[in-house]
Amino acid sequence: MRRIIKKLLLVFLGIAIGVISYEAIMFIRVSHLQNTNPGSTSLIETRIQEAQAKGQQPKREQYWVTLDRVSPNLQRAVLAGEDTNFLTHRGFDYQALQKAWDEGMREAAREAKKEGENDDWLPTLPDFKRGASTISQQLAKNLYLSSRRSFFRKGQEAILTIFLERTLSKRRILELYLNVIEWGDGIYGAEAAAQHYFHKPAASLSANEAAFLSAMIPNPRTVFNPQVNPRRVSRRQRIILRGMPYVRTP
């Protein structure tokens, strides 16, 4: 019996050491982001593998820019659409949605009904409603994790979010986010998105253009693809425009 207990203790000790070592490595990787831009992300690598599995040539348009070279309009639009309380929370935001967003949602729903879309104009998944994950959580998932939903992944996402919030400034988190998120098939980051959709640098985006790009973020390849669902993108764009004046940037 003592041997069994001893073996079990050794197994648990080994697991604990392994977990602590893994998290220490991840903390170091996150810390390096203070001064180093990531060469790739988990999401980009996943898209490359998906394309190769289909026998297609992977696409990747990405041009890294500092936050100073991203229009304040786009910064506000992204915060209005994804994480209104970005500056005040510490990675996790459970506050109620702002009044401007709620009113915009109701207005868009009425408009959708008039146009014959009697079902909910947005998918029922909460991620698409708004703010199901903070920008810090989205960045953690984008950089390091798979898209598969699991208890372990959500737990790891929480740990990485804490690492990001404790080691990086809000400006740096937003800068990383705006340079790595997906804005269409093979389009990553604000500069590539601005060039692709509006043929101009991200620094020159107007409020309308910025809200348009922000509207696509939850799923730019299908649900909020402007070529597939232009009216859906337009409705979300108007909601974001309504909320932009209330958002502060870092």
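In what follows, the structure referred to is the one given above.
Residues numbered from 1 in each chain as written. Predicted model: local features only at pLDDT ≥ 70, side-chain atom pairs only at ≥ 80, totals over all residues. Heavy atoms only, no water.

K.L.:
I'd love a proper account of the packing of helix 6 (residues 135-144) against helix 8 (residues 170-180), names of residues and values included.
P.N.:
Packing of helix 6 against helix 8 leaves a shortest axis separation of 10 Å and a crossing angle of 55°. Of the possible angle classes, the one that applies to helix 6 and helix 8 is oblique. Remark: the crossing between helix 6 and helix 8 carries left-handed chirality. On the side of helix 6, the interface is formed by Ile135, Ser136, Gln138, Leu139 and Asn142, while helix 8 contributes Ile173, Leu174, Leu176, Tyr177 and Val180. (Axes fitted to C-alpha atoms, helices over the stretch in contact; angles between N-to-C directions. Helix = DSSP H or I, 4+ residues; strand = E, 2+ residues; numbered from the N terminus. Parallel < 35°, antiparallel > 145°, perpendicular 65-115°, else oblique. Left-handed = near helix turned anticlockwise from the far one by under 90°. Contact = heavy atoms within 4.5 Å.)

K.L.:
Outline helix 11 (residues 230-243), supporting the account with residue identities and numerical values.
P.N.:
In this model, helix 11 (14 residues) spans 20 Å end to end at C-alpha, consistent with the 20 Å of a helix rising 1.5 Å per residue. Residues of helix 11 that are buried include every one of Arg232, Val233, Arg235, Arg236, Gln237, Ile239, Ile240 and Gly243, and no others. (Expected span 1.5 Å × (residues − 1). Buried < 20%, exposed > 50% of the residue type's maximum accessible area, 1.4 Å probe, protein only.)

K.L.:
Please set out a nonpolar patch on the surface residue by residue, giving values where relevant.
P.N.:
A contiguous nonpolar patch, built from Met1, Ile4, Ile5 and Leu9 and spanning about 460 Å² of accessible area, is present on the exposed surface. In this fold, Met1 is placed in the segment before helix 1 (2-32). Of the residues examined, Met1 reaches a relative accessible area of 75% and is grouped as exposed. (Patch = residues over 30% accessible without salt bridge, like charges linked within 9 Å, V, L, I, M, F, W, Y side chains within 5 Å. Areas by Shrake-Rupley, 256 points an atom, 1.4 Å probe, with all protein chains shown as cover. Salt bridge = Lys/Arg side-chain N within 4 Å of Asp/Glu carboxyl O.)

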